[in-house]
Amino acid sequence: MTTALLHKVREMQAELTTIRHDIHAHPEMAMGEVRTSALIIAKLTEWGITVTDGVGKTGVVGTLTGVKPGDRTIGLRADMDALQLTEQSNVSYCSTKPGTMHACGHDGHTVMLLGAAKHLAEHRDSFCGTVHFIFQPAEEGQKGAIAMINDKLFERFPMDAIYGLHNYGEALGQFAIRSGPFMAASDRWFVTFYGTGGHGGAGAHRATDVTVLQAQFLLALQTIVSRNVNALDTAVISVGAIESGSFDSVNVMPSKIRIGGTARSLKESVRDTIERRIKELADGLAASYGCRAEVEYVRLGIALVNHEEQTKRAIKAAEAVVGEANVNKNREPSMGGEDFAFFLVERPGSFIFLGINNKGESRDIHSPTYDFNDDAIPYGVAYWIKLVQQELCNQ
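The rules behind these values
- Residues numbered from 1 in each chain as written.
- Predicted model: local features only at pLDDT ≥ 70, side-chain atom pairs only at ≥ 80, totals over all residues.
- Heavy atoms only, no water.
- Domains from an automatic or database assignment.
- Contact = heavy atoms within 4.5 Å.
- Buried area = accessible area lost by both parts, 1.4 Å probe.
- Salt bridge = Lys/Arg side-chain N within 4 Å of Asp/Glu carboxyl O.
- UniProt positions renumbered as here; feature names shortened; annotations may be inferred.
- Helix = DSSP H or I, 4+ residues; strand = E, 2+ residues; numbered from the N terminus.
- Buried < 20%, exposed > 50% of the residue type's maximum accessible area, 1.4 Å probe, protein only.
- Arc of directions from axis to C-beta.

Taken domain by domain, the protein chain comprises domain 1 (4–182 + 303–393) and domain 2 (185–301). Just the C-alpha atoms count here: the centres of domain 1 and domain 2 sit 38 Å apart. With ten residues of domain 1 at the interface, the matching set in domain 2 holds eleven residues. Carbon and sulfur atoms make up 66% of the area that domain 1 and domain 2 hide from each other, which totals about 800 Å². Considering only the side of domain 1, the residues that lose the most area to domain 2 are K143, A303 and M335, jointly responsible for 62% of the buried surface there. At the junction of domain 1 with domain 2, the criterion picks out zero salt bridges.

Here's what the structure looks like:
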């Protein structure tokens, strides 16, 4: 393990923690990361790193070239945006914006990449070639990666490979990764059933009842994974919202009911099956109950597929920081979605998880009580540094 590197990085921890707390206290939603971008620009400029702002609207790219000759270039990416959630933690740097908080650790991701940028700017003789520090907006379902790609990210900043990192709820300082499908395609679906409605007591027999229809639909929905998807494949279909009727008029059978949920998959063929079957079930059941269905299926993100060679290189860098025993090289895929997947379609690369839980802790992302663990900062910074020095060497 490169204990010397971790020790060196920990000398920056107080400064980086202060920056992280500042970002945490001032969270910004997708494509509104104006203050966060300005902070990043100020720090990169202070450290002598070339800065390009406004990439994909609020994205920032810092570019640093080593003093040694080299032709290779890699990109390192961190996300910046927050979530629409009201923070319920008791930390002194709690969100100052009601209804908005950093509940996914993007404040930590940003700071870890900033820490690596600072160290490498101070040690340009430790690598050759060029590294691009990519601070991406709008990761949380708003396709900030697509915005940067459409803004010619890879044409303006050529790179041979791109790497990403995300915190996860495992032991502090442990890394996890796998080659191939690693995170799921994330979709949303909405089904609206229309009937006649009617009097729930005196006229129920004359009405077409959308509430009974939706009950049958919800049961049938779960047969998609169990009977239409190969048992060796992975898929999830969940219901997240049902809207209909009024508790002020419970004797009235509603004429309309709306249902919404999420679908996750690791293969495009499975994704296609889910979309097709949701529509078939909704239309078929609606017709059998004398009702009508409207179906909307929204494809948000694609499955994240790590490239084999770059995954090997990511593993090598992580092992150099924490040792082989602390790197899970074949973690089971996560059914969470990740915008970084779009970058991996454009360039070879890999995405890795970093554990942030101290012993006995449980930190669940997207929770109103979540807070990134500052003790994890040195591990992420050291990983980025080691990856650059490993990939941009003159051997």
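On to the UniProt feature "domain: Peptidase M20 dimerisation" (unreviewed entry) in the protein chain. When the UniProt feature table is mapped onto this chain, "domain: Peptidase M20 dimerisation" (unreviewed entry) is found at residues 190–287. Across residues 190–287 one finds 39% helix and 29% strand; the C-alpha atoms that close the span lie 18 Å apart.

Those residues of helix α1 (residues 3–10) lying buried are L5, L6 and V9. Viewed along the axis of α1, the buried residues span an arc of 100°, placing them on a single side of the element. In α1, the exposed positions that point more than 90 degrees away from the buried face belong to T3, A4 and H7. At its buried positions, α1 is contacted by α2 (13–25), α4 (106–122), α10 (308–322) and α12 (377–391).

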